[in-house]
Structure formats: structure tokens, C-alpha cells
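# A structural walkthrough
Each chain, letter by letter, is given below.
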Amino acid sequence: MKYLILSDIHSNIQAFTKVLEVEKYDKILFLGDVVGYGADPDLCYKRFLELGGEGVMGNHEYGVIKPFTLVNFSENARLGVMHSIKKLPKDYVDHMKRLPEIIQVEDFILCHSMLGHPLEFPYVFPENKDSVFLRESFAAMKKYGAKVMFTGHTHKPCIFKYKSDETIEMYNSQNGDIYLDENLYIINVGSVGQSRNSIPKAHYVIYDTQERKVAFKAVDYNIKEAARRIEEEGLPDFLAKRLFLGI
Ligand SMILES: [Fe+2]
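The sections below set out a description of the structure shown in this document. This is a predicted model, so every value here is computed, not measured.

Here the focus is the layout of surface pockets. Size it by volume and the largest pocket reaches roughly 260 Å³. If you go around the largest pocket, you meet 15 residues; those closest to its centre are Asn 59, Asn 72, Phe 73, Tyr 123 and His 153. Counting residues per element, the lining of the largest pocket draws most heavily on helix H3 (residues 59-65), which supplies 3 residues. Its residues assigned to classes, the lining of the largest pocket shows 7 nonpolar, 6 polar and 2 charged.

The following block contains the structure:
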């Protein structure tokens, strides 16, 4: 089975559409943050629902349904969520309220951030391989009987490997395909709609469960149009500019 796994679309319909145009897959799953930041949360959430609406809760969906959590957001992030609240029809918000914290499929789990703290949304960046949240997530994976966890949230694709000697290693994902072995893995798939690894493309993975292969992908999309729409909607300039830079 080939799973297309997308995270952090962030209302960027241009990036989302491009990924769907270029990829072939058996099933599509979402890691949260379909909305927030960008111009078109309604179009993105509509497409997400048309594709089955199978995904976990991101902190930006949580911000839409629980606006008191926006006190923890940056100014730009808060304005993005307020824009989403304005644009989203009630039935989409009702669906959002039912998004699960985690999804378990075959040998893997999806969680927007870390297991054990799914709605606190801690950030574990590539340089945080000694994070207690990471270690707790690996421990929780053992309880679930999962070999792999896919995550997003930081917008920085990378691989954390939990080895038999209980040490954790981090690998960057620039090499494309990785074949999973008997160790446990937490894999950050990066962001479709707001890359922050200095590569201004739409990032995502395909997990082939038969081959146990994770393919990291990045495709060009129409950034100019995504930025133009952000300006047209009156959102902060920085949210448009950052798309060109991948920051
Ligand atoms: Fe995000």
C-alpha cells in the first residue's frame, strides 16, 4: 500500500493542488494544519474533505475551534487563524471538532506533534534529538505496537531513529528514499504549504508499506500566485514573503 502523507498545508491551495497533480498513491492521510497562515483555508479544507477527510488535529485547527489557545500563537499565526475562522463554513468547523489526536494504521501512527502530549503541540526540531518529548513518543509507540510515527508541526523534514542501544539519531531527509529496518522511527514529513527548511517547495512523503520505504519529496508550485492571494486577502506581507524563501 502506498500512502501519501501530507502535513501543514496551511491554506495554500496552489501547493496542495500541485502535490495532488504529480503524485500517484493508494490512500491519502493528513497530519493536521490544513488551515491557518495562508489565503484559502476554505478551498483547502473542502479538498481535504473530498479526499476522505482522514487526518489528525493540528494546532491551527485547534486554534479555530478553541480560540483561547491563540494566546500562545505568534502575531502572524494568530492573524492567519482569525482569517481561517472568517472564511470557514460552519460544517467544516464541525468536522474539525471531530478530528482525532492520533490515527493508527498498519504499523504506523500519525500525530501532528508528539505522542503523550498531542494537544499541547510541543516543537521537536531536527536539532532536538535529546528532547524528552521525543523519548516519550518512542516509548508510547512501543505501547501501541507501532514501528513508525509520522509527524509535522515544525515544517522541517527529518528522521529520528531509536536504536537498540536506546540512543536516538537524527538524519536529514535530503537523500530522498529511506528503507526502514527493525528500529523505531519518527519521521517529520515537512510542510506542503509553508516550507521552513530554506527549500521553498511543497514537501511531503510517500510511505510504501510493502517495501517499507519512505520517499521524501519536494515539488515546485506557483508561489507567486499563493503570495498574491495572501496579499489580496489582506494578510501580513511576511506570510507572502516567507513562501519565496522557505522560512
Ligand atoms: Fe503548522
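Now that the structure has been shown, we can carry on.
A separate point is the coordination of the iron ion. Distances from the iron ion to its protein donors, Asp 8 (OD), His 10 (NE2), Asp 33 (OD) and His 155 (NE2), fall at 2.0 to 2.4 Å. In this structure, the iron ion is surrounded by 4 donor atoms whose angles at the metal cover 83 to 171 degrees, and the resulting shape is irregular. Expressed as a motif, the donor residue spacing for the iron ion is D-x1-H-x22-D-x121-H. In this pair, Asp 8 sits in the loop between strand E1 (2-6) and helix H1 (13-22) while His 155 sits in the loop between strand E5 (148-151) and strand E6 (158-162), placing the two residues 147 residues apart along the sequence. Given the relative accessible area of 2%, His 155 is considered buried.

For any pair of aromatic rings, the description consists of the separation of the ring centres together with the inter-plane angle of the planes. Tallied over the full model, the rule gives 11 aromatic pairs. Geometrically, the ring pair formed by Tyr 3 and Phe 108 is edge-to-face, given 5.0 Å between the ring centres and 75 degrees between the ring planes. Within this pair, whereas Tyr 3 is found in strand E1, its partner Phe 108 is found in strand E4 (residues 108-111), the two being separated by 105 residues in sequence. A centroid spacing of 4.8 Å and a plane angle of 80 degrees characterise the contact between Phe 30 and Phe 48, whose relative ring orientation is edge-to-face. With Phe 30 in strand E2 (residues 27-30) and Phe 48 in helix H2 (residues 41-50), this residue pair connects regions lying 18 residues apart in the sequence. With a relative accessible area of 1%, Phe 30 lands in the buried category.

Per the counting criterion, the structure on display carries 18 salt bridges. As a salt-bridge pair, Lys 18 and Glu 21 come within 3.9 Å of each other at their nearest N and O atoms. Here Glu 21 and Lys 18 lie together in helix H1, a separation of 3 residues that amounts to about one turn. Take Lys 18: its relative accessible area is 29%, and that puts it in the partly exposed class. The class for Glu 21 is exposed, based on a relative accessible area of 57%. Across the salt bridge formed by Lys 213 and Asp 177, the nearest N and O atoms sit 3.6 Å from each other. Taken as a pair, Lys 213 in strand E11 (residues 213-219) and Asp 177 in strand E8 (residues 177-179) lie far apart in primary sequence, 36 residues in all. On the basis of relative accessible area, Asp 177 is assigned to the partly exposed category, the value being 40%. By sharing partners, the salt bridges in this structure join Asp 40, Lys 87, Glu 225, Arg 228, Arg 229, Glu 232 and Glu 233 into a single network.

Rules of the game
Residues numbered from 1 in each chain as written. Predicted model: local features only at pLDDT ≥ 70, side-chain atom pairs only at ≥ 80, totals over all residues. Heavy atoms only, no water. 1 Å grid on protein atoms, 1.4 Å probe; cavity = no way out; pocket = protein on both sides within 12 Å on 5 of 7 lines; lining within 4 Å. Points joined across faces, edges and corners; volume = space filled by probe spheres on them. Helix = DSSP H or I, 4+ residues; strand = E, 2+ residues; numbered from the N terminus. Nonpolar A, V, L, I, M, F, W, Y, C, P; charged D, E, K, R; others polar. Donors = N, O, S within 2.8 Å, 3.2 Å for Na, K, Ca; no water. Tetrahedral: all angles 85-135°; square planar, octahedral: opposite > 155°, others 65-115°. Buried < 20%, exposed > 50% of the residue type's maximum accessible area, 1.4 Å probe, protein only. Phe/Tyr/Trp six-rings, centres within 6.5 Å; stacked < 30°, edge-to-face > 60°. Salt bridge = Lys/Arg side-chain N within 4 Å of Asp/Glu carboxyl O.

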